[in-house]
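Chain by chain, the residues:
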Amino acid sequence: MSKKKFSHQILLSKKRKYIYPLLDQGLSAKDLNEGIKVLKSGRITIGKKTQDFENKFNKFLGSKYALMVNSGSSANLLAAFASCNPMRKNKFKTGDEAIIQSLCWPTSLWPLVQCGLKIKFVDINPLTLNVNADDLIKNISKKTKVILVINVLGLSTDIKKIRDFCSKKNIILIEDNCESLGAKFNKKLLGTFGDFGTFSFFYSHQITSGEGGMIICKEKKDYEILKSLRSHGWSRDRNTATKYPHLDPRYIFINSGFNLRPTDIQAAIGLSQFKKLKKFMKIRINNRNKIIKTLKMHKNWSNQFSFVDVPKKVSPSYMVFPIFLNKKFRNKKTNFINYIESKGLETRPIISGSFVKQPSTKLFKLNPRKKKYPGADQVQELGFVIGLHTKNISNKKLKFLSETLLSIDSL
Ligand SMILES: Cc1ncc(COP(=O)(O)O)c(C=O)c1O
């Protein structure tokens with residue numbers, strides 16, 4: 001393989017037809033048909049399907065209050081804005097401190113910044129991709145009023161330890177579970193530990209509604225705040241109408257607000273997918289095991305790659321498959337990614353890599369002391385993800401994956 005062919009940068013994919021894409025066609029004809037039925041009914045805005053999905057989501061998670069939104073990012077936005085809302089008793093103020101891990105998604109971070117919180121990053125453990133609970137707790141100061149923990153790629157830290165600490169110190173815990181629907185810590189479903197738990201149904205996630213998300217909470221007051229913020233600050237509650245007899249009860253706005261509502265089309269597709277969550281989880285776990293086994297049994301296997309450790313007490317629920325290059329291949333990573341992409345194996349970085357290195361964090365001066373986050377750096381330097389599909393992987397694809405990945409030796 002001639003090195004001249006490669007640039008120093010990962011090449012943005014041209015419209016390639018991948019042999020092993022990041023996503024398989026996860027939506028079945030039945031899922032799509034559920035959406036089409038809503039479309040044909042003529043009532044596509046938020047309605048019965050959304051409520052039905054919310055109820056079934058609560059039942060599955062054992063949560064009290066679930067609210068569907070148009071994305072996981074919107075769920076995070078609502079969690080942050082509800083946490084400083086004047087209607088809330090325990091709320092943060094502008095200038096208070098929020099802790100978030102350095103390996104994060106932009107819209108886990110930005111709602112906290114948009115609400116006026118001062119950001120403190122903590123590093124992650126590169127072996128599990130997740131933050132270490134003790135490290136995070138060590139970083140808590142008197143100024144910390146919010147902690148946002150991301151359960152990364154179907155796994156988690158000891159979220160119970162963080163939950164217990166937050167309860168003691170009156171810190172608001174936002175649990176970004178956008179990448180881990182169905183996973184458990186200590187037999188308890190992730191997303192249910194935080195004051196708010198957020199979920200994404202974007203295309204590559206455990207289930208999908210195309211675009212879509214959910215937010216759950218424990219307190220009725222929080223639910224009311226979230227509901228009004230989701231929809232223009234509106235209240236259509238009878239009791240509110242009685243309180244304001246001089247106002248038209250159809251248009252009473254009790255709070256600030258956004259419009260983050262989903263359509264019933266998204267809810268119908270999401271609900272149809274949700275019924276298959278457990279099946280998808282099982283297939284993805286099996287596919288992951290098969291890929292690892294095939295690689296390790298290959299005649300050319302010599303620890304070229306390593307895989308994420310499943311932390312203690314965690315029952316995983318995967319969406320993609322993170323892989324790390326052996327350190328000795330560090331300098332080959334760009335060539336390698338460009339090569340396997342050119343062969344039809346689609347890849348992505350692990351989340352956003354170290355988010356502290358993104359130009360947007362410089363723009364907003366979020367790391368003024370230029371603190372280093374070696375765990376997240378290591379993930380960025382050595383890690384990448386490939387797809388983990390919702391249908392049983394064929395032997396042909398297993399062969400393709402192992403041969404393509406193990407080509408690293410000859411680059
Ligand atoms: C950790 C995390 N939070 C939030 C989001 C945002 O979800 P969405 O794409 O539905 O807006 C994502 C998206 O992948 C994510 O990985």
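Residues numbered from 1 in each chain as written. Predicted model: local features only at pLDDT ≥ 70, side-chain atom pairs only at ≥ 80, totals over all residues. Heavy atoms only, no water.

*Asks:* Tell me about the site of the ligand, residues and numbers included.
*Replies:* Every one of the 15 residues lining the ligand counts as a neighbour, but Gly72, Ser73, Asp176, Glu179 and Ser200 are closest to it. The separation between an oxygen atom of the ligand and a polar main-chain atom of Gly72 is 2.8 Å. Separating an oxygen atom of the ligand from a side-chain N or O atom of Ser200 is a distance of 2.7 Å. Within the complex, the protein chains bury 91% of what would otherwise be the 390 Å² of accessible surface of the ligand. Elements represented by at least two residues in the shell around the ligand include exactly helix H3 (72–83) and helix H4 (106–114). Top contributing element to the shell around the ligand by residue count: H3, with three residues. (Near = heavy atom within 4 Å. Polar contact = N/O pair within 3.5 Å; in protein donor to acceptor, adjacent residues only side chain to side chain. Areas by Shrake-Rupley, 256 points an atom, 1.4 Å probe, with all protein chains shown as cover. Helix = DSSP H or I, 4+ residues; strand = E, 2+ residues; numbered from the N terminus.)

*Asks:* Outline the side chain of Gln304, supporting the account with residue identities and numerical values.
*Replies:* Here Gln304 lies in the loop between helix H10 (277–297) and strand E12 (305–307). Looking at Gln304, the relative accessible area reads 0%, which means it is buried. Engagement of the side chain of Gln304 in a polar contact is seen with the backbone oxygen of Asn300, the distance being 2.7 Å. A distance of 2.7 Å separates a polar side-chain atom of Gln304 from the backbone nitrogen of Ser302. Among all residues touching Gln304, those that are not within four sequence positions of it are Phe324, Leu325, Asn326, Phe329, Leu406, Ile408 and Asp409. (Buried < 20%, exposed > 50% of the residue type's maximum accessible area, 1.4 Å probe, protein only. Contact = heavy atoms within 4.5 Å.)

*Asks:* Can you explain the sheet that holds strand E6 (residues 184–185)? Please cite residues and give values.
*Replies:* Pairing in this open sheet of three strands is antiparallel, and the strands run E7-E6-E13 from one edge to the other. Each edge of the open sheet carries a strand with a single partner, namely strand E7 (188–189) and strand E13 (314–315). (Pairing = 2+ DSSP bridges.)

*Asks:* Tell me about the sheet that holds E12, residues and numbers included.
*Replies:* Adjacent strands of a sheet pair through backbone hydrogen bonds, lying either parallel or antiparallel. Sheet architecture is open: three strands sit in the order E12-E14-E15, paired in antiparallel fashion. In this open sheet, the two edge strands, each paired with only one partner strand, are E12 and strand E15 (383–387). Put simply, the sheet's adjacent strands are angled 40 degrees from each other on average, direction ignored. The sheet contact formed by E12 and strand E14 (residues 320–325) spans three bridges and is antiparallel. Bridging from a neighbouring strand, Phe307 pairs with Ile323 of E14. In this fold H10 packs onto E12 and E14, with an angle of close to 155 degrees to the strand it touches most, E12. Contacts from helix H11 (residues 333–342) reach E12, E14 and E15 within the one sheet, and its direction differs from that of E15 by about 10 degrees. (Axes fitted to C-alpha atoms, helices over the stretch in contact; angles between N-to-C directions.)

*Asks:* Lay out the packing of aromatic side chains in plain terms, naming residues and giving numbers.
*Replies:* Overall, the coordinates contain 20 aromatic pairs when judged by the stated rule. A centroid spacing of 5.9 Å and a plane angle of 70 degrees characterise the contact between Phe57 and Phe201, whose relative ring orientation is edge-to-face. Residue Phe57 is found in helix H2 (residues 48–61), and its partner Phe201 is found in the loop between strand E8 (196–200) and strand E9 (213–217); the two are separated by 144 residues along the sequence. Just as Phe57 is buried, Phe201 falls in that class too. By the ring-pair criterion, three or more aromatic residues cluster together here, those being Phe53, Phe57, Phe60, Phe199, Phe201 and Phe274. Lying across the ring of Phe193, Lys188 places its NZ or CZ 5.2 Å from the centre. (Phe/Tyr/Trp six-rings, centres within 6.5 Å; stacked < 30°, edge-to-face > 60°. Lys NZ or Arg CZ within 6 Å of the ring centre and 35° of its normal.)

*Asks:* Residues and numbers for the domain arrangement of the chain, please.
*Replies:* With domains assigned, the chain is organised as domain 1 (3–25 + 278–410) and domain 2 (29–274). Taking the mean C-alpha position of each, domain 1 and domain 2 sit 28 Å from one another. Contacts between the two partners involve 41 residues from domain 1 and, on the opposite side, 37 residues from domain 2. For the pair domain 1 and domain 2, the two sides together bury roughly 3,400 Å², of which 69% comes from carbon and sulfur. (Domains from an automatic or database assignment. Buried area = accessible area lost by both parts, 1.4 Å probe.)

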